Structure formats: structure tokens, C-alpha cells
Amino acid sequence: MAAEVTQILLNAQAVDGTVRKQAEENLKQYQEQNLPGFLLALAGELANDEKPVESRKLAGLILKNALDAKEQHRKFELVQRWLSLDPSAKAQIKSFLLKTLSSPAHDARSTVSQVIAKVAGIELPHKQWPELVGALLSNIHQLPAHTKQATLETLGYICEEVSSDVVDQDHVNKILTAVVQGMSNSESNNDVRLAATRALYNALGFAQANFSNDMERDYIMRVVCEATLSPEVKIRQAAFECLVAISSTYYEKLAPYIQDIFNITAKAVREDEEPVALQAIEFWSSICDEEIDILEEYGGDFSGDSDVPCFYFIKQALPVLVPMLLEMLLKQEEDQDQDEGAWNIAMAGGTCLGLVARTVGDDVVPLVMPFVEENITKPDWRQREAATYAFGSILEGPSPEKLIPLVNIALNFMLTALVKDPNNHVKDTTAWTLGRMFEFLHGSTLETPIITQANCQQIINVLLQSMKDVPNVAEKACGALYFLAQGYEDAGSSSSPLTPFFQEIVQALLTATHREDAGESRLRTAAYETLNEVVRCSTDETAPMVMQLVPVIMMELHQTLEGQKLSSDEREKQNEIQGLLCGCLQVIIQKLGSSEQTKYVFMQYADQMMGLFLRVFAVRSATAHEEAMLVIGALAYVTGADFAKYMPEFYKFLEMGLQNFEDYQVCAITVGVVGDICRALEEKILPYCDGIMTQLLKDLSSNQLHRSVKPPIFSCFGDIALAIGERFEKYLMYAMPMLQSAAELSVHTSGVDEDMMEYTNSLRNGILEAYSGIFQGFKGSPKTQLLMPYAPHILQFLDSLYMEKDMDEVVTKTAIGVLGDLADTLGSNAGPLIQQSVSSKEFLNECLSAEDHMIKESAEWAKLAISKAISF
């Protein structure tokens with residue numbers, strides 16, 4: 001087989017399907033029969049300069065995919081498989097890989113760089129291949145240019161692949177030295193300089209110590225700034241990307257360089273090619289992000305000991321930064337509104353201006369308003385659009401006191417422009433700006449409303465008329481109406497100014513969803529989202545009109561389910577519409593179900609509705625299934641115990657959802673719906689519990705299910721226990737050990753990143769909700785004694801969480817609640833255990849004096865339950 005590997009690799013790329021299939025089959029067999037031989041043959045192919053470039057590239061790609069995968073569980077399997085491979089085969093493979101770095105064939109070199117990094121990603125954390133970095137760096141300066149370029153590229157990929165704690169500082173220094181030398185002016189080869197600049201971008205996270213040393217930092221910054229002036233556009237772009245990364249990683253070290261960086265970025269923004277100019281603007285957007293975070297976290301009061309002071313770079317740069325950004329707004333592209341993923345210098349300028357407004361607040365307004373006033377009525381559409389965009393960009397950040405007088409003047413002007421301006425770009429941006437006015441400056445919290453009885457009718461007329469405009473303008477008009485409705489969500493039973501127009505608004509939105517071109521610019525989705533918001537924020541007065549909407553939307557859903565033969569594009573559109581209609585019905589059900597009289601009338605539709613929802617599961621579309629699950633959950637909540645009649649038919653779809661590992665969002669939503677159904681049916685869920693619990697336990701022990709589904713499964717145990725009470729007894733022996741081992745894992749969090757911390761807290765919360773539901777479910781039952789053996793572990797878990805000091809507020813509230821539930825259910829039997837725990841003293845006292853009133857309330861209840869348990 002090894003001898004024919006070249007031919008098989010070439011055949012695997014053949015045009016002829018049969019030849020291709022046969023080759024793929026051969027490769028699969030070879031891999032299954034002799035993995036070390038297979039990988040070695042591929043590495044040999046990649047290293048052999050006699051072989052055709054196509055077979056070498058594919059060999060490298062297969063090698064890379066043998067080391068890494070997107071799905072966590074698959075990746076874990078591949079790592080284990082490589083680690084357990086015969087060491088001598090691995091050594092041979094690695095020497096072939098390193099040899100390929102000096103190949104004259106560019107494709108072979110760039111492929112092997114990635115493969116070496118994947119191997120490093122597996123081995124370095126396991127303290128294997130310690131000589132790798134040394135081997136790459138030895139005599140790097142004597143190497144021919146193409147090998148130097150490949151070596152630098154490899155170092156960059158390695159830094160991207162491994163975390164900074166697996167490379168020791170000595171190696172980091174050597175890597176940085178090689179990279180920075182490769183970037184410097186003394187390097188004559190542009191490919192080398194580009195590879196070095198890109199490698200620096202990946203290595204910045206490793207350079208903590210180097211950035212703390214003034215001399216080294218000065219040197220790195222100088223080389224990066226020089227690279228932004230390279231004659232080669234790709235190098236300039238890569239150098240600015242480094243500056244952007246430095247601005248967020250090393251914000252607190254930037255002060256000595258900021259003036260020079262401003263000069264460099266300003267020149268690039270005004271004079272350089274677009275890819276470079278975009279990165280130069282991105283630098284300032286990134287500084288805004290940093291300062292917004294700092295100011296939010298510290299609330300603007302910096303004491304001398306605050307970790308990260310804010311340097312107010314944006315405030316200082318305002319007088320020169322804002323004019324530069326305004327100038328960029330005039331560089332629009334003709335068709336940017338139609339193109340979903342469009343990004344250009346004008347859009348980047350506007351985005352940055354919006355961030356500047358959020359960073360400095362009121363100070364931005366006097367710098368922007370003269371530009372707006374000067375350009376808003378100009379004959380050239382670019383000037384009108386730029387002025388509108390500038391105004392819309394500064395509506396979030398400055399105070400209402402500063403903005404409302406301006407908005408009151410601008411509102412009328414914008415409404416006229418939305419109808420009368422001859423240019424679509426201007427109309428698109430005008431509708432967006434109106435949406436921003438309603439989002440940030442309209443609502444029950446503001447003293448002076450910008451929308452009054454006097455102008456409400458005009459606003460609605462203009463927006464509804466605008467919904468008939470071209471799709472991108474109509475979509476923005478829907479967005480403006482969305483925020484207009486949202487501003488009245490607190491009107492409740494009192495009257496909302498939108499009430500008289502309710503029918504008209506709903507009709508206009510439904511008409512928009514039926515437009516031939518509703519698929520363009522997300523118009524259909526926007527129209528449904530807005531309809532949902534209008535319904536959600538409507539008052540009791542309009543309930544009869546919401547009720548009339550039910551058969552209309554049901555009819556539409558029914559029509560999408562009637563089996564016509566569709567092309568795959570049409571089917572996709574249909575599935576999207578089914579999801580949107582289910583989403584719309586969900587909002588209507590929640591609205592009408594929230595008051596007794598509307599709920600009573602609404603129930604006449606429940607059977608038909610449920611029939612439609614079950615038919616949606618027959619279509620093949622994860623999105624439609626998610627929405628159908630969610631709407632059934634809402635229906636269960638409203639119908640309560642009567643939902644039992646739907647269970648015999650619905651149960652198989654529930655089970656399918658719980659088995660859906662591929663579309664894990666569907667699985668997670670289904671788990672949530674099980675909770676809704678438990679609350680609706682209470683003990684009537686009992687006949688289905690064996691099946692549900694079996695499936696949930698299977699889900700938990702599977703390594704194929706996405707981790708995000710695990711926390712909701714644990715809370716679901718709690719929902720089931722609450723619903724069926726002491727009859728949860730037969731599941732304790734399965735559920736409790738699972739909870740216990742997950743609890744132990746979730747306590748220790750040293751050295752985890754933010755995402756992992758967030759996940760750990762959601763896991764803790766799920767586990768605690770399970771315990772809480774189980775205790776409450778057993779309360780008052782003669783079988784509470786069955787829970788006693790688990791109490792010591794649960795108290796120990798609470799103590800450990802308290803000692804770790806990294807719970808978020810949600811977990812804190814649930815944890816102190818569990819302490820109360822334990823005391824409440826187990827009573828005096830648990831008294832001595834509770835008295836020995838840290839939680840019942842320090843943790844409880846801390847929660848009693850918490851600022852968060854939810855935590856305080858929970859703690860007061862727990863205190864009461866504990867004092868009862870202890871006093872017996």
C-alpha cells in the first residue's frame with residue numbers, strides 16, 4: 001500500500017466519482033489496518049520533493065485532520081490516539097515534518113507548518129518534544145529565505161495552538177528575538193518579514209514578561225511601528241493587526257507610544273489602501289472597547305489602588321480623532337446596503353464613532369453636530385448620508401439631557417427624509433437612526449418624552465409607508481418600529497399611544513412578510529420579530545385583536561405544511577417561515593395566557609395548534625424544531641394539567657429531541673421543555689418519567705453531547721423531583737452519584753479562563769437546582785430519610801463553593817437556597833451536620849448582608865429553616 005500512496009492520493013482528487021470513491025475507500029482501509037504506517041507514509045509523501053504538489057498537499061491535510069477535530073469529544077480521541085502511538089513511528093514522522101520546512105515547494109511548506117503546530121499542540125502540554133523550539137530556532141539566521149519564512153510561520157502557528165504556560169520564558173525570549181529580527185528593516189526578504197509579523201501577532205500573548213521590561217517593550221513597539229510603513233501592503237496590514245492586538249492585551253503599557261501611534265494611524269486612515277486603513281481605525285475601536293470596560297467596571301471612580309487605571313486616551317485624542325472619523329463617513333460604497341457582509345472604511349468609521357460616543361459621552365456631541373448641520377441638507381447624497389450616520393452613531397453614550405433637545409429638532413427632519421429623500425442609502429441610514437432614537441431615548445424612564453400624542457401618528461404613518469420601500473429600507477423601518485413598541489412595554493393595563501394603530505401596524509407587518517422580496521435584507525425575519533415585539537408590549541385593550549391574530553398565523557403555518565414538491569432552496573425558505581410562525585405563536589400564547597379571561601377564550605385553539613406543532617417535527621430542520629419545541633413549552637405552561645392529553649402523541653418527539661446530539665441546541669431546548677411540562681402536569685408526568693430519566697442519564701454520560709446541555713439536564717432532575725415528589729425515590733441511586741461527581745469537578749477552578757468560569761458557574765447552578773428540587777419534592781414525605789446519606793456531601797459541596805470565593809450572584813442565591821431546603825426537609829436530623837458546616841455560619845451571614853435583595857431574601861428564609869432544624 002505504501003508504495004502506491006502517491007497514486008491513491010491523486011485519485012482521491014480525481015474528477016471521476018468512481019475513481020475518487022475507490023481511493024477514499026483505500027485510504028480509509030489503510031488507516032484502519034495500520035495507523036502508524038499510514039501516518040508515516042503521509043509524512044514521507046509530504047517530505048518528498050520528487051512527488052507532485054497535489055499529493056503532498058492532500059497528505060498534509062489528512063495528517064492535520066488526524067490530529068485535530070472541531071468537536072470536543074472527537075478532538076480528545078485523536079489526542080489520545082496520537083499519544084499512544086509507537087514512539088519510534090512518531091519520531092520518524094516528526095523528522096519528516098521538520099525536513100519539509102526546507103522544501104522549495106511553497107504549498108508543502110505552508111501545509112507542514114500547520115501540521116507541526118498540531119503535533120506541538122498535543123505534545124508540548126504533555127512535556128513531550130521539548131527539543132522542538134530549539135530545533136526550529138537553531139541557526140535560523142543562516143537559513144535560506146524560504147526556510148526562514150516557513151520556520152517563522154510554524155512558530156506563529158505553535159503560539160496560536162498552545163497556551164502560554166507550556167512554553168518556558170527562555171524559549172519565549174528566543175522566539176520573540178527571532179520574530180522581531182525577522183520583522184526588522186535589516187531583513188531584505190518580504191515573505192520573511194510578513195511571516196515574522198504574522199507570527200508576532202500570535203506570540204503577543206506569550207510576551208507578558210517582555211512587555212513589562214521597558215527596553216524590550218520599546219524595541220518591540222519600534223519594530224512594529226516601522227513595519228506599518230513597509231512598502232508591502234500585506235506587511236503594513238499585519239503590523240496594524242499587531243497594534244490592535246497590543247491595544248487590548250497591553251493597554252496599560254501604551255501611554256509612551258500613543259502620540260506616535262495616532263500619527264501613524266491617522267496617516268494610514270487617510271492615505272493607505274483600504275485593508276490597512278480598516279486596521280488603523282480598528283486600533284481606536286479597540287482602545288474604546290478597553291476604556292468602556294474599565295469605566296463600566298470601576299464606575300469612573302478610580303482610587304490610587306485600582307488595578308487598571310483608565311488613561312483616557314480617547315478623551316485626549318477627541319479633537320483630532322473625531323474629525324478623522326467624520327471624514328471617513330464620506331467614503332461610502334454604492335451598494336453597501338444590499339450586501340449582508342459589507343464592511344468598508346465608512347462603516348468602520350461610523351462604528352468607531354459610536355464607540356467613541358460610548359467612551360466619552362457628552363464631550364463628543366459638540367464635535368459632531370457642526371458636521372451634521374452642515375451636511376444634512378447638501379445636494380450630494382454622500383454628504384446627507386454621512387451626516388445622518390454621524391448623528392445616529394452618537395445616540396448611545398451621551399446623556400438624555402444633552403441629546404433630547406437635538407433629537408426633538410432632528411426627529412421631524414428625519415421623518416420627512418425617510419419618505420422624501422430620493423436616495424436609498426440616505427433612507428436606509430435615516431430609518432436606522434430613527435431606530436436608535438427610539439432605542440436609547442424613548443421609554444418610561446425618561447423625564448421628557450420625544451414621542452407625544454402630537455407626533456405619534458406621523459411617526460407610525462411614516463414607518464408603515466417605509467415598510468413598502470426597498471427591502472433594506474423596509475427592514476430598518478421594522479427595526480425602528482420594534483424599538484418604538486418596546487418603549488411602551490411598561491404601559492401594562494393602562495393605555496399605550498400605539499393602541500389606536502394596533503390593527504394597522506399588525507396588518508402592515510404581515511403584508512411585509514408576504515412580499516415577494518421578503519427574503520432579501522432579512523426583511524421577513526425583521527417583520528416577524530417586530531410583530532412579536534408589538535404583541536409582547538401590547539396592553540389589555542388590544543387583547544381581542546391579538547386573539548384575532550391566532551387563526552391567521554395558524555392558517556399560515558398550516559399552509560407551509562401542505563405537501564407540495566419543493567426545491568431545496570424553497571424548502572429552506574419554508575422551514576425558516578415555519579420557525580418564524582412558531583416563534584410568533586409562542587409570543588401570542590404567552591401574551592394571551594397571562595390573563596384569565598383571554599386564556600379561557602384562547603383555549604379553544606389549543607388542540608388545533610398542538611396538531612400543527614407536531615406536524616412541524618416531520619420536517620427536516622433544526623431551526624423549525626427548536627421553535628416548535630419552545631412554542632409547545634409555552635403552550636404547556638398555559639394549559640397546565642390539561643396538557644396531559646397531548647402527551648401520548650407528543651412524547652415520541654420529546655424523546656427524539658432528547659436524543660438529538662447533532663443539533664445540541666434542539667436537545668438543550670427540549671430539556672427546558674421537559675421542565676415546563678413538569679411544572680404544568682405535576683404528578684401527571686409520572687408515566688413518562690422512566691423514559692425521560694433514562695434518556696437524561698444517557699445524555700449526561702455521553703461524551704458526544706455538547707457540554708452546554710449538561711447544566712440544564714441537572715436542573716431538569718430538580719423539576720422532575722418537584723413534580724413527582726417522593727416517587728423520585730427510584731431515580732436517586734442513579735441521579736445522586738452523577739450530581740456528586742459533577743459537583744466535585746465544578747468546585748476546583750484554578751487557572752481557568754472566563755468562558756470556562758461562566759460554564760462552571762452554570763454547571764454549579766444546575767447541580768444546586770437539582771438538589772433544591774429533590775429536597776422540596778421530598779418535603780413532608782415519610783421517605784425524607786432516604787436523603788440523609790447524601791446530606792454530608794451536599795453540605796461539603798456548599799462549603800467548598802464558599803471557600804473558592806468565585807460564585808456569581810445566581811449561584812450564590814441558589815446555593816444559600818439549597819442550604820435552606822436541606823434544613824427545611826431533613827429538619828432536626830440534619831441539625832448537627834448543619835451546625836458543623838461553614839456555610840450555615842459565615843456563608844449565611846455574608847448572604848444576609850448582601851446588596852442583592854434576591855440573595856438576601858433567600859438567606860433570610862434559609863436562616864429561618866436552619867433555626868427550626870437546630871432548635872428541636
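Residues numbered from 1 in each chain as written. Predicted model: local features only at pLDDT ≥ 70, side-chain atom pairs only at ≥ 80, totals over all residues. Heavy atoms only, no water.

1. Side note on the overall build of the chain
Just so we agree on the cut-off: The helix and strand labels rest on DSSP assignments: H or I over at least four residues marks a helix, E over at least two residues marks a strand, and numbering proceeds from the N terminus. The buried label applies to any residue whose accessible area, calculated with a 1.4 Å probe on protein chains only, is under 20% of its type's maximum; exposed applies above 50%, and partly exposed to all values in between. Whether two residues touch is decided by their heavy atoms; if any such pair falls within 4.5 Å, the residues are in contact.
Within the chain one finds 42 helices and 0 strands. If you line up the chain on its principal axes, its C-alpha atoms span 85 × 75 × 70 Å. Out of the 872 residues in the chain, the part that is buried amounts to 55%. Partitioning the contacts of the chain with sequence separation of at least 6, the portion at a separation of at least 24 is 72%.

2. Side note on the pattern of salt bridges
Heads up, the rule is: By salt bridge we mean one thing: a side-chain nitrogen of Lys or Arg within 4 Å of a carboxyl oxygen of Asp or Glu.
Here the structure, examined in full by the defined rule, presents 36 salt bridges. Taking the shortest distance from any N to any O, the salt bridge between Arg522 and Glu529 comes out at 3.3 Å. Residue Glu529 is classed as partly exposed on the basis of its relative accessible area of 38%. Between Arg679 and Asp719 there is a salt bridge whose closest N-O contact spans 3.0 Å. Placement of the pair is Arg679 in helix α33 (residues 664–681) and Asp719 in helix α35 (residues 710–724), with a sequence separation of 40 residues. Look at Asp719 and you get buried, because its relative accessible area is 18%.

3. Structural notes on the state of the cysteines
Using the following cut-off: Pairs of cysteine sulfur atoms within 2.5 Å are what we label disulfides.
This model, assessed by the stated rule, comprises 0 disulfides. Summary of cysteine pairing: Cys288 is not part of a disulfide, and the nearest cysteine sulfur, belonging to Cys352, is at 4.9 Å. According to the relative accessible area criterion, Cys288 is buried, its value standing at 0%. With no disulfide of its own, Cys478 has Cys584 as its nearest cysteine by sulfur position, at a separation of 13 Å. For Cys478, a relative accessible area of 0% corresponds to the buried category.

4. As for the environment of Cys288
Here Cys288 shows up in helix α16 (residues 274–298). Between the alpha carbons of Cys288 and Ala348 there is a distance of 13 Å; along the sequence they are 60 residues apart. Excluding residues within four positions of it along the chain, Cys288 makes contact with Ile314, Leu355, Val356 and Thr359.

5. Side note on the packing of helix α23 (residues 453–466) against helix α24 (residues 471–486)
We count it as follows: Axes here mean lines fitted to C-alpha atoms, for a helix over just the part in contact, with angles spanning 0 to 180 degrees between N-to-C directions. Crossing chirality is assigned from the near helix's rotation relative to the far helix, an anticlockwise turn below a right angle marking it left-handed and a clockwise turn marking it right-handed. For this classification, Asp, Glu, Lys and Arg are treated as charged, while Ala, Val, Leu, Ile, Met, Phe, Trp, Tyr, Cys and Pro are nonpolar and the rest, including Gly, are polar.
Remark: α23 packs on α24, axes separated minimally by 8 Å, with the N-to-C direction vectors making an angle of 145°. Classified by chirality, the crossing of α24 by α23 is left-handed. On the side of α23, the interface is formed by Ile459, Ile460, Leu463, Leu464 and Ser466, while α24 contributes Val473, Ala474, Ala477, Ala480, Leu481 and Leu484. Residue composition of the contact of α23 with α24, grouped by class: 10 nonpolar, 1 polar and no charged.

6. Observations concerning the packing of aromatic side chains
Keep this limit in mind: In this scheme Phe, Tyr and Trp rings, the latter by its six-membered ring, pair at centre separations within 6.5 Å, and the angle between planes marks the pair as stacked below 30 degrees, edge-to-face above 60, and tilted otherwise. In this scheme, the term charge over a ring applies when either NZ of a lysine or CZ of an arginine sits within 6 Å of the ring centre and within 35 degrees of the ring normal.
The tally for this structure, following the rule as stated, stands at 17 aromatic pairs. Measuring from centroid to centroid gives 5.4 Å for Phe311 and Phe313, while their planes differ by 15°, and the two rings are stacked. Between Phe643 and Phe650 the ring centres are 6.2 Å apart and the planes differ by 85°, which places this aromatic pair in the edge-to-face class. Across the pair, Phe650 and Phe643 agree in class, each one buried. The rings of Phe617, Phe643, Tyr646, Phe650 and Phe653 are connected pair by pair, giving a single aromatic cluster. One Lys or Arg, Arg707, reaches over the ring of Tyr759 and ends 4.5 Å from the middle of that ring.

7. Focus on the packing of helix α20 (residues 381–393) against helix α22 (residues 424–440)
What counts, and what does not: Our angle categories are set so that under 35 degrees counts as roughly parallel, over 145 as roughly antiparallel, 65 to 115 as roughly perpendicular, and the remainder as oblique.
Where α20 contacts α22, the two axes come as close as 9 Å, and the packing angle between them is 15°. Between α20 and α22, the angle is such that the two are roughly parallel. For the pair α20 and α22, the crossing hand works out as left-handed. Residues Trp381, Arg384, Glu385, Thr388, Tyr389, Phe391, Gly392 and Ser393 of α20 lie in contact with α22, whose contacting residues are His425, Val426, Thr429, Thr430, Trp432, Thr433, Arg436 and Met437.

8. Section: helix α10 (residues 169–183)
Quick note on the threshold: Here a helix's expected span is defined as the number of its residues, less one, multiplied by 1.5 Å.
Here α10 is 15 residues long and its end C-alpha atoms lie 21 Å apart, about the 21 Å a rise of 1.5 Å per residue gives. When we look at burial in α10, the residues that qualify are His171, Val172, Ile175, Leu176, Ala178, Val179, Val180, Gly182 and Met183.

9. Considering the nonpolar core
Buried together is how nonpolar side chains tend to be arranged in soluble globular proteins. This is how the line gets drawn: The definition of a nonpolar core used throughout is a set of buried Ala, Val, Leu, Ile, Met, Phe, Trp, Tyr and Cys residues joined through side-chain atoms within 4.5 Å.
Core analysis: the largest hydrophobic core is formed by 312 residues, its most contacted members being Val356, Met437, Phe438, Phe650, Phe717 and Phe728. Sort the elements by how many residues they give to this core and α16 lands first, with 11 residues. Leaving out residues up to four positions away in the same chain, Phe650 has contacts with Met610, Leu614, Phe617, Met629, Ile632, Phe643, Val673 and Ile677.

10. Describing the confidence of the model for the chain
Stated formally: How sure the predictor is of each residue is captured by pLDDT, a score from 0 to 100.
Of all residues in the chain, 97% have pLDDT values of 70 or greater, and the mean over the chain is 93. Taking the mean pLDDT of every element in the chain, the minimum, 89, falls on helix α5 (residues 72–83) and the maximum, 98, on helix α19 (residues 365–375).

11. Thoughts on unusual backbone geometry
The backbone of Arg522 sits at a positive phi, close to 55°, despite the residue not being glycine. Structurally, the position occupied by Arg522 is in the loop between α25 (502–513) and α26 (523–536). Take Arg522: its relative accessible area is 34%, and that puts it in the partly exposed class. Notably, Glu682 is not glycine yet its phi reads approximately 50°, a positive angle. By the secondary structure assignment, Glu682 is in the loop between α33 and α34 (686–701).

12. Points about the environment of Ser701
Looking at where Ser701 falls in the secondary structure, it is placed in helix α34. As a C-alpha pair, Ser701 and Met738 span 37 residues in sequence and 8.7 Å in three-dimensional space.

13. Focus: helix α27 (residues 543–561)
Here α27 contains 19 residues, and its C-alpha end-to-end distance of 28 Å stays within 8% of the 27 Å for a straight helix at 1.5 Å per residue. Where the residues of α27 are buried, they touch α25, α26, α28 (568–593), α29 (596–602) and α30 (606–616).

14. Quick notes on a negative patch on the surface
To keep things clear, this is the line we draw: By definition, no residue in a patch forms a salt bridge, and every one has over 30% relative accessible area; like charges are joined within 9 Å, nonpolar side chains (Val, Leu, Ile, Met, Phe, Trp, Tyr) within 5 Å. Here, Shrake-Rupley sampling with a 1.4 Å probe gives the accessible areas, and only protein chains in the shown set may cover a residue. Positive charges come from Lys and Arg, negative ones from Asp and Glu, while His and the chain ends are left out of the count. Taken as the charge location is NZ of Lys, CZ of Arg, CG of Asp or CD of Glu.
On the surface, Asp753, Glu754, Asp755, Glu758, Asp808, Glu809 and Glu851 cluster together to form a negatively charged patch. Among the elements that make up the negative patch, the one with the highest residue count is helix α37 (residues 754–778) (3 residues). Along the chain, Glu851 falls in the loop between α41 (839–848) and α42 (853–871). Judged by its relative accessible area of 84%, Glu851 is exposed.

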